[in-house]
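Structural features, examined
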Amino acid sequence: MATAEGLDPVAAETRSRAPRLAVLPLLLLSEIVVFSLIGTNFFTMANAYEILRLSVEIGLLAVALTPVITTGGIDLSVGSLMGLSAVVFGKLWRDMGAPIPVAIAGTLGCGAVAGSINGVLITRGKIPPLIVTLGTYSLARGLAEGLTGGVDNFTHFPPSFLALGQGYLAWGAPTQAPLFAVVAILFWMLLHRMAIGRGLSAIGYSAEGARHAGLPVERWVALVYILSGLTASLAAVVYASRLGQAKADAGTGYELAAITAVVLGGTSIFGGRGSVHGTLLGLFAIVILQIGPRLADLPAELAGVATGVILLVAIGLDRRQPAGPRPQFPLSQSETLVVKNSQVAVICGAILAAAAINLAGNAYLARALVRERAQAPPGSTEGSPRAALREHPPLTIAMMPKSKGNAYFIACRKGAEEAAAELGVTLLWDGPTDPDPAKQNEVVDAWITRGVDVIAVAVENREGVSSVLRKARERGIKVITWDADADPDARDFFVNQATPEGIGRALMDNAARILGGKGSFAIITASLTAGNMIAWQKCIEARRSEKYPNITMASLRPCDDLQKKAFDETTTVLNSNPAVKLFMAICSPAVPGAAEAVKQSGRTDVKVIGIGLPNDSKRYVHEGITDCVVLWNTRDLGYLTVQAAVGLARGDLKPGAVRYSAGRLGELRIEGTDILLGQPYLFTKDNIDQFDF
Amino acid sequence: MNSPAAESPWGRLIAVIGARRRELSVLLAYVVLLIVLAVTAPRFFRADPIRALLVSNSSVLVAAVGMTMVILCRQIDISIGSLFSVCGVTAGLLARMGLPMPLVALGTLAAGAILGAINGLFVAGLRLPSIVATLATMVVLRESLRYAREGEFVRDLPSSFQWFGQGQALGQSAVVAIAAAVFVVFAWSLANVTLGRAVLAVGSDPEAARLAGIPPRGVVFGVFTLMGLLAGLAALLNAIRFADVDPGSGGGLELQVIAAVVVGGTAVTGGRGSLIGTLIGVALLGSIGPALVFLDAKPQWEKAVQGLIILAAVATDALDRQER
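Residues numbered from 1 in each chain as written. Chains lettered and ligands numbered in written order. Predicted model: local features only at pLDDT ≥ 70, side-chain atom pairs only at ≥ 80, totals over all residues.

**Describing the overall build of chain B**
- The helix and strand inventory of chain B stands at 13 helices and zero strands.
- N-terminal to C-terminal, the α/β element order of chain B is α-α-α-α-α-α-α-α-α-α-α-α-α.
- Its C-alpha atoms give chain B a radius of gyration of 20 Å, within 12% of the compact-globule value 20 Å for 324 residues.
- Once the C-alpha set of chain B is aligned to its principal axes, its extents read approximately 65 × 55 × 35 Å.
- Intrachain contacts of chain B at a sequence separation of at least 6 include 78% that bridge at least 24 residues. (Helix = DSSP H or I, 4+ residues; strand = E, 2+ residues; numbered from the N terminus. Rg over C-alpha atoms; globule rule 2.2 N^0.38 Å. Contact = placed C-beta atoms within 7 Å.)

Here is the structure:
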């Protein structure tokens, strides 16, 4: 967004309440320079548009939050409201049969209503915005989960709607860009070119003073919250069309990203000072920081650390400017700044320098490793034409787990690295670190931009990621799915470790064996919205109703993938329902959590089974609390995936093959396009000590 | 109801109710919940569920005590979830190095205090707004921990780690007793010790506090360090309940704790609030989850109910203020 502030007659006056933005463009520029140097294909138009596409949803929230924060308020509910709006949109369209435009209108109406609830509670109820929106933050997400049971996923939207989030305009610009531009310009006009914008600043400085000056404080404050709710539901619509699905978990964690962008952009968190163009600069600084490391093959966590550091630096430098009156902040009112300017500058400089050195060191290391690998074994002779064009002759296999911070996938990675070293290929390993269902798409997009030979994805949400995998195939990149599948036309092969049916059957059969054919059990799941959990629950239930009608499922409790929460939930179920004799823990932290709870309860008649890593369960299996855990050899799964990826890229593995020889695993069967690893493995007291993962 | 004669016992009671009505309204909500449970699910009041509730909320209470101090000072700390995770992993790693448990505990508390002091430096020293500074440290700590541990549990801890090497019964009592002691000491000090009064003074009016000879920045720095220390203690009390340490254990803790504090009646504008209220807030929010299980409610409505309770609790506050 261009800002023509210098030409404006009231510029001098405006400047006094607009934040100083000298640091931010500089920061943005240095980010672009650094990543252009160390990243592959960073400085391209395609990447610029990709950055824009990924910015839209958080950007919408951020520009709408700017006036809210300018009034000294905050809206924590926007991310949850996206989830609620997505669900409302899906309900209107699928269950009530409304055409898409009507559904969109209804969704926007719902967002405005939710925003006005915030507004009324804050202005009429005079409750601090932080508390009100903390409440609606829980409420909106809770309603979204309640309405859908967390499970319901709205998909199969018409292509004309999907084009809004996935299509391209002339010159390859993403479709949603103009929409975002219009909204951003509207908010910019509101805040910088209208009387109300000045009024919002005045309210932020001192609501009391603004009221005495005759401003309709209540009405204007309510208005910014309504606009914030409205924009959040618009973001939900864009999100639904980009991912091709609408689910209760849409927008998880977006509120913090949006607030970070606003604050980085120089808007004072205490109100009185704010600018939409600053927010946009802050937004791009954050998004580039997320995408850049992926193109430079650096770990994604660095992006998070760097975002935090930059936030501190930017705010620290901003503190040098003489700020306006600070109604809530006690520390700076009466004390004068002594030598703090130089101190802040020195500290910030040191942090920045350290970050730069760190980044450069990592980049150098990554490059050096790549070169080393390139020299050791002879690279492929018949790689794809893309590979030949680039500087590294060996194949590049990009492999994505469902989430990086998960011991299960760490074990897979070991196998993948083993195969990569054996075959002399470069392995990129990256994936989401937070529970945002849209993150996988962003990583795949970055890989398409970077250029890789094969992409192998453990799919977290099928409808969402399939569209972007199709795009990868159109660009000539081979696609494999592993661990969980995408739509069949979105990939070449699926490395199938065990079907949900196989898992469900193994778990339910063992449950029936332990229960002796009758009784009741409880399931501890990761979350009510996770796709693979839902699939497993369905298969467990199908097997139960088909073969074991005398067994009942008494309770289903989510544990948020936390051992502690799994422990608490298990304890509660043990206490509330003594008839439950068996716990099925179907996510890996839940197995030790549930087992520990049973152990501490002293109940010897209750057993635990589940899907988890042998290492987490060894102790409990030997103590007789955990009867067995079901899993496959995860290391082999990673190994096979890389083997298959290399075979596909080199042409050894062709569509229609029925067998594939995968290194140390020997000949494996292929059914259709599924490469079969084998049956799920049952770890019991007798064999669990033989495994170490 | 009665004439507000300040001298009569009734009058004094009304005065107490008036001063504590925020806490009382939350207590009332809690009592209603307990009555519903008593009628529909009397099993809730057996020894086992209550013990489980006490043990699992002990660490939340310890963190909430620290957060009450921070909010009383007109500040906020949203980094405590990440800090909690880091301290838990620190405890695990120290124990695995073979250090004796008292040293492990000391090291964990020190780690918490140092991280808290860093927040304090940013807020009191560099005068960054606390919500932004702790947002940044939250992200930095969380991502660094992910980078370092990749979500892996800290396993193979010595047997002296769980329950400090004591038995389960003794260990559980110790966890609850430590949390109770922390609560009592802080609740008493806040009202009766100079330093406690200083926190309230700075939160009410920093300028007046400064003129009264209290250094507001020193108090804020101290409060953040204390918050870190207490978050470290909370992490320790949580970690020793298990045989392994989960590096994600602090996920979402910051909002849980802030919600408990504000539901308990502490004003986010500072200076007003009490630890008794915080205790009731922790008890109320901590009981909702188990209560819904006992009431056989569908788990997908849990978050909605929690949101409604937060809103209801703060709405009573708003009505209350409009009457005055």
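**What to know about the interface of chain B and chain A**
- Listed per partner, the contact involves 72 residues of chain B and 73 residues of chain A.
- The set of elements that each furnish at least two residues to the side of chain B that touches chain A consists of α3 (47-72), α5 (101-125), α6 (130-149), α9 (206-211), α10 (216-239), α11 (253-263), α12 (275-294) and α13 (302-323) of chain B.
- Tallying contributions element by element places α13 of chain B first for the side of chain B that touches chain A, with 14 residues.
- Here the side of chain B that touches chain A is composed, by residue class, of 40 nonpolar, 13 polar and 19 charged. (Nonpolar A, V, L, I, M, F, W, Y, C, P; charged D, E, K, R; others polar.)

**Notes on the sheet that holds strand β6 (residues 519-525) of chain A**
Residue and element names in this part refer to chain A.
- The sheet built from six strands is open, its strands ordered β7-β6-β8-β9-β10-β14 with mixed pairing. The outermost strands of the open sheet, each flanked by one partner alone, are β7 (551-558) and β14 (681-683). Averaged over all pairs of adjacent strands, the angle between their axes in this sheet comes to 20°, without regard to strand direction.
- Relative to strand β9 (residues 607-611), strand β8 (residues 580-585) is paired through four bridges, and the arrangement is parallel. Bridged to M584 within β9 is I609. (Pairing = 2+ DSSP bridges. Axes fitted to C-alpha atoms, helices over the stretch in contact; angles between N-to-C directions.)

**Things to note about the nonpolar core**
- Counting 340 residues, the largest nonpolar core has I397 of chain A together with A63 of chain B as the members making the most contacts within it.
- Top contributing element to this core by residue count: helix α11 (residues 217-243) of chain A, with 19 residues.
- Ignoring sequence-local partners within four residues, the contact set of A63 of chain B consists of I80, F84, L230, A231, A234, L253 and V257 of chain B. (Core = buried A, V, L, I, M, F, W, Y, C linked by C-beta atoms within 7 Å. Buried ≥ 20, exposed ≤ 12 C-beta atoms within 10 Å, placed from the backbone.)

**With respect to unusual backbone geometry**
- Positive phi values are uncommon outside glycine, yet N41 of chain A reaches one of about 55°.
- Here N41 of chain A shows up in the loop between α2 (23-38) and α3 (45-70).
- Take N41 of chain A: there are 15 C-beta atoms within 10 Å of it, and that puts it in the partly exposed class.
- Of note in this structure, D296 of chain B is not a glycine but carries a positive phi near 65°.
- Secondary-structure assignment places D296 of chain B in the loop between α12 and α13.

**Things to note about the environment of G678 of chain A**
- Mapped onto the secondary structure, G678 of chain A falls in the loop between β13 (674-676) and β14.
- For the pair formed by G678 of chain A and W632 of chain A, sequence separation is 46 residues and the distance between their alpha carbons is 8.0 Å.

**Notes on the sheet that holds strand β4 (residues 478-482) of chain A**
All names here are of chain A.
- Strand order in the open sheet formed by eight strands is β2-β1-β3-β4-β5-β13-β12-β11, and the pairing between neighbours is mixed. At either end of the open sheet lies a strand with only one pairing partner, and these are β2 (426-429) and β11 (659-661). With strand direction ignored, the average angle separating the axes of adjacent strands in the sheet is 25°.
- Pairing geometry for strand β12 (residues 667-671) and β13, over two bridges, is antiparallel. Each residue of the ladder has a partner; that of I670, found in β13, is I675.

**Details of the domain arrangement of chain A**
- Each assigned domain of chain A is listed here: domain 1 (42-295), domain 2 (385-498 + 635-678) and domain 3 (500-631).
- Spacing between the C-alpha centres of domain 1 of chain A and domain 3 of chain A amounts to 39 Å. (Domains from an automatic or database assignment.)

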